[in-house]
Amino acid sequence: MNRVITFGTFDVFHVGHINILERARELGDYLIVGVSSDELNFSKKKRYPIYNQKDRVKIISSLKCVDEVFVEESLELKLEYIKKYNVKLLVMGDDWQGKFDWVKSDCDVLYLPRTPSISTTEIIEVVKASF
Ligand code: CTP
């Protein structure tokens, strides 16, 4: 079985998120998603997500292109997760280009182009500006 893994916060779920998840799933036949914990998101982006990790896990788990979901506690644990879930391929959006090449000893890494013109941060800014 070709197992694929990807990671992300997936806060305020949008079309860019589903696009990358569907493309990742098409590259194999079993997709595992590491959803960043609330604390990890805070350390990366200096803000807590709008949706908490329990709700974000529930949303991602409900998608038909996703087979398994877990909470990602630390960026540095990527290799441990890759080994634990026995995956062949790590897929990330190209905003992460080159950042995870260090796991290439154990797994292929592919950076896919982001869906243009949409991001969680932008949605939050647009909503804030409208109040
Ligand atoms: N992603 C994508 N296209 C977008 C937005 C996100 O392909 N327009 C991908 C990212 O590259 C990543 C995954 O979706 O692999 C999860 O990204 P995440 O950081 O959760 O979403 P963003 O919308 O980028 O969030 P933010 O604006 O807070 O950075």
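Report on the accompanying structure. Just so it is clear, the model here is predicted, and its values are computed rather than measured.

## Describing the site of the ligand
- Surrounding the ligand, one finds 17 residues, the nearest of these being Asp95, Thr115, Ile118, Thr120 and Thr121.
- Between an oxygen atom of the ligand and a main-chain N or O atom of Thr9, the distance comes to 3.1 Å.
- Contacts to the ligand include Arg114, whose side-chain N or O atom sits 3.0 Å from an oxygen atom.
- In isolation the ligand exposes 570 Å². Once the protein is present, 93% of that is buried.

## As for the sheet that holds strand 5 (residues 108-112)
- With parallel pairing, 5 strands are arranged side by side in an open sheet as 3-2-1-4-5. Pairing within the sheet leaves two strands with one partner each, and these edge strands are strand 3 (68-72) and strand 5. Strand-to-strand twist in this sheet, taken as the mean axis angle between neighbours without regard to direction, amounts to 25°.
- Pairing of strand 1 (residues 3-8) with strand 2 (residues 30-36), which is carried by 6 bridges, proceeds in the parallel orientation. Of the residues in strand 2, the one forming a bridge with Arg3 is Tyr30.
- Helix 1 (residues 15-26) contacts strand 1, strand 2, strand 4 (89-93) and strand 5 of the sheet and is inclined by roughly 145° relative to strand 2.

Calculation criteria
Residues numbered from 1 in each chain as written. Predicted model: local features only at pLDDT ≥ 70, side-chain atom pairs only at ≥ 80, totals over all residues. Heavy atoms only, no water. Near = heavy atom within 4 Å. Polar contact = N/O pair within 3.5 Å; in protein donor to acceptor, adjacent residues only side chain to side chain. Areas by Shrake-Rupley, 256 points an atom, 1.4 Å probe, with all protein chains shown as cover. Pairing = 2+ DSSP bridges. Helix = DSSP H or I, 4+ residues; strand = E, 2+ residues; numbered from the N terminus. Axes fitted to C-alpha atoms, helices over the stretch in contact; angles between N-to-C directions. Contact = heavy atoms within 4.5 Å.

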